[in-house]
Amino acid sequence: MNISYYGHSCFGVEINGKHLLFDPFISENELAKNIDIQSIKADYILVSHGHRDHILDVESIAKSSGAQIICNWEIYDWYSKKGLKNIHPMNIGGKIKLGFGSVKCVVAVHSSQLPDGTYGGHPMGFVVESNEGNFYYAGDTGLTYDMKLIGEYRQIDFAFLPIGDNFTMGVDNAIIACDFINCNQIIGMHYNTFNDIKIEANEALLKFERAGRHLKLLNIGETITIKH
Ligand code: NI
Ligand code: MN
């Protein structure tokens, strides 16, 4: 499984030759200005919620890549009214089998409004399962006991968790989330993009280490391979 970081909460994950892209916010992210969105491969774009810092480049990448958008009903409705056709609506608790494996929508504790003020439905996280490994993409969320359901549901090999605080949980709560989801391998997201979510990276890494957990902070543009 190859994981590429495109800044903020946007990751590309390649599984069994298929490309998943999560929450693209690139073209207005100063930190990601070296990323060319037209070159990003995507078969599926998974959208956790309607906030601008998660959907900004969904439309343009969907058009350039031909990817299918996977999102909740309200975001499906919003994009449908804009004329987009290749969208698969889901909602929390639902699971879909796709060529590379499966995607299950799980609870995120946050809010969701589309950029024009339209209600964006309930925010979600995703559990992705495949023969190359299982992972949890939390989206924007606070720490919640519902994460225990994820840890009991499946063995998670690694998780993308927000660590920037202010709008989502921060480092200390992400460490607690490791217990809830029963997973020690964390890839940090939703930090440093804006002033309100700036973190001290070294301090965050140290806190995880002291707690016996592992935090990975990818460079924007970096790709890593995770072996099952
Ligand atoms: Ni948000
Ligand atoms: Mn956000």
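Up top you'll find the structure we're talking about.
Cut-offs used in this document
- Residues numbered from 1 in each chain as written.
- Chains lettered and ligands numbered in written order.
- Predicted model: local features only at pLDDT ≥ 70, side-chain atom pairs only at ≥ 80, totals over all residues.
- Heavy atoms only, no water.
- Helix = DSSP H or I, 4+ residues; strand = E, 2+ residues; numbered from the N terminus.
- Buried < 20%, exposed > 50% of the residue type's maximum accessible area, 1.4 Å probe, protein only.
- Donors = N, O, S within 2.8 Å, 3.2 Å for Na, K, Ca; no water.
- Tetrahedral: all angles 85-135°; square planar, octahedral: opposite > 155°, others 65-115°.
- Arc of directions from axis to C-beta.
- Contact = heavy atoms within 4.5 Å.

**Student:** I tried to follow unusual backbone geometry on my own but got confused; where do I start?
**Tutor:** Both trends apply: most residues other than glycine have a negative phi, and most peptide bonds are in trans. One non-glycine residue, N16, lies in the positive phi region at around 50 degrees. Within the secondary structure, N16 sits in the loop between β2 (11-15) and β3 (18-22). The class for N16 is partly exposed, based on a relative accessible area of 36%. The phi angle at D165 is positive, at roughly 65 degrees, despite the residue not being glycine. With respect to the helices and strands, D165 occurs in the loop between β11 (158-162) and α5 (171-181).

**Student:** Would you mind going over the coordination of the manganese ion (ligand 2) with me for this structure?
**Tutor:** Octahedral metal centres with six donors ideally show angles of 90 or 180 degrees, and tetrahedral centres with four donors ideally show 109.5 degrees. In the first shell of the manganese ion (ligand 2), the protein supplies D53 (OD), H54 (NE2), D140 (OD) and H190 (NE2), at 2.2 Å from the metal. Along the chain, the residues donating to the manganese ion (ligand 2) fall in the pattern D-H-x85-D-x49-H. Taken as a pair, the manganese ion (ligand 2) and the nickel ion (ligand 1) show a spacing of 3.1 Å, with D140 coordinating each metal. Remark: D140 occurs in the loop between β10 (133-137) and α4 (147-153) and D53 occurs in helix α1 (residues 52-55); sequence separation between them is 87 residues.

**Student:** Where do I start with the coordination of the nickel ion (ligand 1) in this structure?
**Tutor:** Bound to the nickel ion (ligand 1) are the protein donor atoms H49 (NE2), H51 (ND1), H110 (NE2) and D140 (OD), situated 2.2 to 2.3 Å from the metal. Geometry at the nickel ion (ligand 1) is irregular, judged from its four donor atoms and the angles of 87 to 177 degrees they form at the metal. Read in sequence order, the donor residues for the nickel ion (ligand 1) give the motif H-x1-H-x58-H-x29-D. Looking at H51, the relative accessible area reads 19%, which means it is buried.

**Student:** Would you mind showing me how to read helix α2 (residues 58-65) here?
**Tutor:** One full turn of an α-helix is made of 3.6 residues, so residues set three or four places apart face in the same direction. Among all positions in α2, only V58, I61 and A62 are buried. One side of α2 carries all its buried residues, which in axial view fall inside an arc of 105 degrees. Lining the buried residues of α2 we find β3, β4 (44-46), α1, β5 (68-72) and α3 (73-81). At the exit of α2 stands G66, carrying a positive phi of roughly 75 degrees.

**Student:** What's the story with the environment of L56 in this structure? I'm lost.
**Tutor:** Inspection of the secondary structure assignment puts L56 in the loop between α1 and α2. L56 sits 41 residues away from K97 along the chain, and the two C-alpha atoms are 26 Å apart. The residues touching L56, leaving out its near neighbours within four places in the chain, are P24, F25, S27 and E28.

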